[in-house]
Amino acid sequence: MLRFLKVLAVVVLSLVLMVFLAACGGTGATAEPAAESAAQATDAPAEEAAEVPAEVEEQTLTVSGAFALFPMMTVWGEQYSLATPGIRFDITGGGAGKGITDMLSGVADIAMVSRELKQEEIDQGAFGVPVTIDAVVATINANNPHLDEILAHGLTPEAAAAIWMSQEMTTWGQFLGTDAAEAITVYTRSDSAGAAEVWAKYMGGSVQEDLIGTAVNGDPGLAEAVRQDELGIGFNNIGFAYDLSTGNQLDGLRVVPLDLNGDGQISDDEDVYDTIDTIAAAIAARVYPFPPARELYLVTKGEPTPVIADLYRWILTDGQAFVADAGYVSLSADRLTEAQGLLGE
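Residues numbered from 1 in each chain as written. Predicted model: local features only at pLDDT ≥ 70, side-chain atom pairs only at ≥ 80, totals over all residues. Heavy atoms only, no water.

With respect to the packing of aromatic side chains
Stated formally: Two rings from Phe, Tyr or Trp (for Trp, the six-membered ring) form a pair when their centres sit within 6.5 Å of each other. Planes less than 30 degrees apart are called stacked, planes more than 60 degrees apart edge-to-face, and all others tilted. Here a helix means four or more residues in a row that DSSP labels H or I, a strand means two or more in a row labelled E, and each is numbered from the N terminus. Exposure categories follow from relative accessible area, calculated using a 1.4 Å probe and restricted to protein chains: below 20% of the type maximum is buried, above 50% is exposed, and the middle band is partly exposed. We call a charge positioned over a ring when the NZ of a Lys or the CZ of an Arg lies within 6 Å of the ring centre and within 35 degrees of the ring normal.
This structure, assessed with the given rule, holds 10 aromatic pairs. On the numbers, 6.2 Å between centres and 65 degrees between planes, the contact of W164 with F235 is edge-to-face. A residue pair is termed long-range when its members are at least 10 positions apart, and W164 in helix α7 (residues 157-164) and F235 in strand β7 (residues 232-237) qualify at 71 residues. Taken as a pair, W164 and F235 share a single burial class, namely buried. An angle of 75 degrees between the planes, with centres 6.1 Å apart, marks the rings of Y273 and Y288 as edge-to-face. Taken together, the positions of Y273 in the loop between β8 (253-256) and α12 (276-284) and Y288 in the loop between α12 and β9 (293-301) put the pair 15 residues apart, joining distant regions of the chain. When its relative accessible area of 2% is taken as the criterion, Y288 is described as buried. What links up through ring pairs into an aromatic cluster is the set Y80, F89, W314 and F322. Residue placement shows R286 over the ring face of F290; its charged tip is 3.7 Å from the ring centre.

Written out as structure tokens, the structure is:
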């Protein structure tokens with residue numbers, strides 16, 4: 001468990017740096033240095049990794065896309081490379097839309113996608129394989145003056161729509177049913193993001209463009225914007241709302257519970273947000289709704305090559321052993337079998 005927390009902490013820090021460099025006009029960064037740093041931070045021998053094909057022609061697989069899948073893919077890439085010296089990875093987070101564009105244009109071998117594929121993408125040859133599950137959560141600043149009331153009240157799809165879509169709810173008093181006059185500062189994603197689309201679908205929308213608010217690039221950027229704004233509200237993939245080194249909610253952020261029965265108060269069985277393990281368990285048990293929970297996909301143009309198919313088979317079998325420690329949820333046994341069936345013999 002400890003080695004994965006080290007791996008994931010380095011990965012998330014690299015993503016924050018990447019978003020910062022992009023905002024400053026830099027060219028971005030790939031995940032390969034993060035994976036190498038994470039490997040140096042641990043002393044587990046390569047022999048501990050799960051068995052995969054040993055004789056593979058040297059090749060670098062370029063992977064691009066969703067921030068949601070970036071930390072998990074980096075762990076998988078590190079573990080697969082340790083046991084398969086011929087395979088290296090160049091992994092870049094930039095949003096699901098960027099991943100699809102890179103993959104379809106040939107810039108990337110594999111896209112990381114945090115939503116279902118669109119028909120126009122399938123028509124262009126996109127071939128998706130589900131690999132794990134995570135979720136999007138609403139986040140507010142930990143110093144919000146109405147924090148305790150918000151956490152006790154919770155968020156419904158209707159209230160979310162009134163904040164992010166119709167903007168009928170513009171103050172924290174309107175949200176809580178009090179006379180509080182402070183305006184809600186609403187944040188959304190500027191990059192093409194599966195998280196934004198899934199969040200829109202939770203509140204009855206269908207596409208990312210349904211969401212209104214100050215647009216911020218990337219998961220790390222959105223989390224940081226809310227951390228810097230006491231009256232802010234946003235949404236994040238769970239890997240960016242929780243501190244992966246401790247499992248607790250990220251310093252400066254608080255996850256807003258979903259009011260599942262719409263009664264205006266969060267009961268004990270709805271309060272599943274204390275740690276990344278508790279929300280992962282709620283997602284696995286389907287207590288946390290789908291959406292905003294969803295499957296994550298790896299996508300190629302056309303059916304995967306034999307080298308990529310071998311990687312996928314490992315991810316869907318031995319690679320699932322790393323999922324829980326990385327803060328994700330494994331697919332069901334039936335869904336894993338179905339996914340493996342997509343790869344043929």
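Considerations on helix α14 (residues 333-341)
Note the following rule: Read the arc as the range of directions from the helix axis to the C-beta atoms. In this description, contact between two residues means that some pair of their heavy atoms is separated by no more than 4.5 Å.
All of the buried residues in α14 are R335, L336 and A339. In a view along the axis of α14, the buried residues occupy a sector of 100 degrees, so they form one face of it. What points out from α14, more than 90 degrees from its buried face, is the exposed set A333, D334, T337 and G341. Along its buried surface, α14 packs onto β4 (126-141), β9 and α13 (306-316).

Focus on the pairing of strand β5 (residues 185-189)
We apply this condition: If DSSP finds at least two bridges between two strands, the strands pair.
Taken across its 5 residues, β5 has 4 buried, putting it largely inside the fold. In this sheet, β7 lies alongside β5 in parallel orientation, the contact comprising 2 bridges. By the bridge assignment for β7, T185 is matched with G232. Both β5 and strand β6 (residues 214-216) contribute to a ladder of 3 bridges, which runs parallel. Counterpart to T188 in the pairing with β6 is A215.

A few points about helix α9 (residues 194-202)
With 8 of 9 residues buried, α9 is to be regarded as a mostly interior element. For α9, the set of buried residues is G194, A195, A196, E197, V198, W199, A200 and Y202. Buried residues in α9 make contact with α4 (96-105), β4, α7, β5, β7 and β9. One or two steps after α9, the chain reaches G204, where phi turns positive at roughly 95 degrees.

Re the nonpolar core
Burial of nonpolar side chains together is a common tendency in soluble globular proteins. Counted only if it meets this: Only buried residues count toward a nonpolar core. Its members are Ala, Val, Leu, Ile, Met, Phe, Trp, Tyr and Cys residues joined through side-chain atoms within 4.5 Å.
Within the largest apolar cluster, 101 residues are counted, with the highest numbers of intra-cluster contacts made by W76, L155, W164, F175, W199 and Y288. Residues in contact with L155, not counting those within four places in the same chain, are A138, A160, I163, W164, F175, W199, Y202, V256, P257, L258 and D259.

Regarding the pairing of β4
Remember that side chains alternate between the two faces of the sheet whenever the strand is regular. The element β4 is largely enclosed, with a buried count of 15 among its 16 residues. Sheet topology note: the β4/β7 ladder contains 5 bridges and is antiparallel. Within β7, the position partnered with T139 by the bridge is G234. Summarising the sheet, β4 and β8 pair through 4 bridges and their orientation is antiparallel. Among the inter-strand pairings, N141 is bridged to a residue of β8, identified as L253.

Digging into the environment of I308
Among the secondary structure elements, I308 is positioned in helix α13. Taking the C-alpha atoms as reference, I308 lies 8.5 Å from I110; in sequence the two are 198 residues apart. If we ignore the near neighbours within four places in the chain, the residues touching I308 are L61, D109, I110 and T300.

Observations concerning the packing of helix α3 (residues 70-83) against α13
Using the following cut-off: What counts as an axis is a line fitted to C-alpha atoms, over the stretch in contact for a helix, and the angles between N-to-C directions run from 0 to 180 degrees. Roughly parallel means an angle under 35 degrees; roughly antiparallel means over 145; roughly perpendicular covers 65 to 115; every other angle is labelled oblique. When residue character is reported, Ala, Val, Leu, Ile, Met, Phe, Trp, Tyr, Cys and Pro are called nonpolar, Asp, Glu, Lys and Arg charged, and the others, Gly included, polar.
Put simply, α3 and α13 touch, their axes get as near as 11 Å, and they point 110 degrees apart. Between α3 and α13, the interaxial angle falls into the category roughly perpendicular. Side by side, α3 and α13 meet where M73, W76, Q79 and Y80 of the first sit next to V307, D310, L311, W314 and I315 of the second. Each residue belonging to the contact of α3 with α13 can be placed in one class, and the counts come to 7 nonpolar, 1 polar and 1 charged.

A word on unusual backbone geometry
Glycine aside, negative phi is the norm for most residues, and most peptide bonds take the trans geometry. Cis geometry is adopted by the peptide bond preceding P291, which originates at F290 and carries an omega value of -20 degrees. Within the fold, P291 resides in the loop between α12 and β9. With an omega of 15 degrees, the peptide bond running from P291 to P292 counts as cis. Counting through the fold element by element, P292 comes out in the loop between α12 and β9. The backbone phi angle of Q167 is positive, close to 55 degrees, even though this residue is not glycine.

The analysis is restricted to geometry; functional conclusions fall outside its scope.
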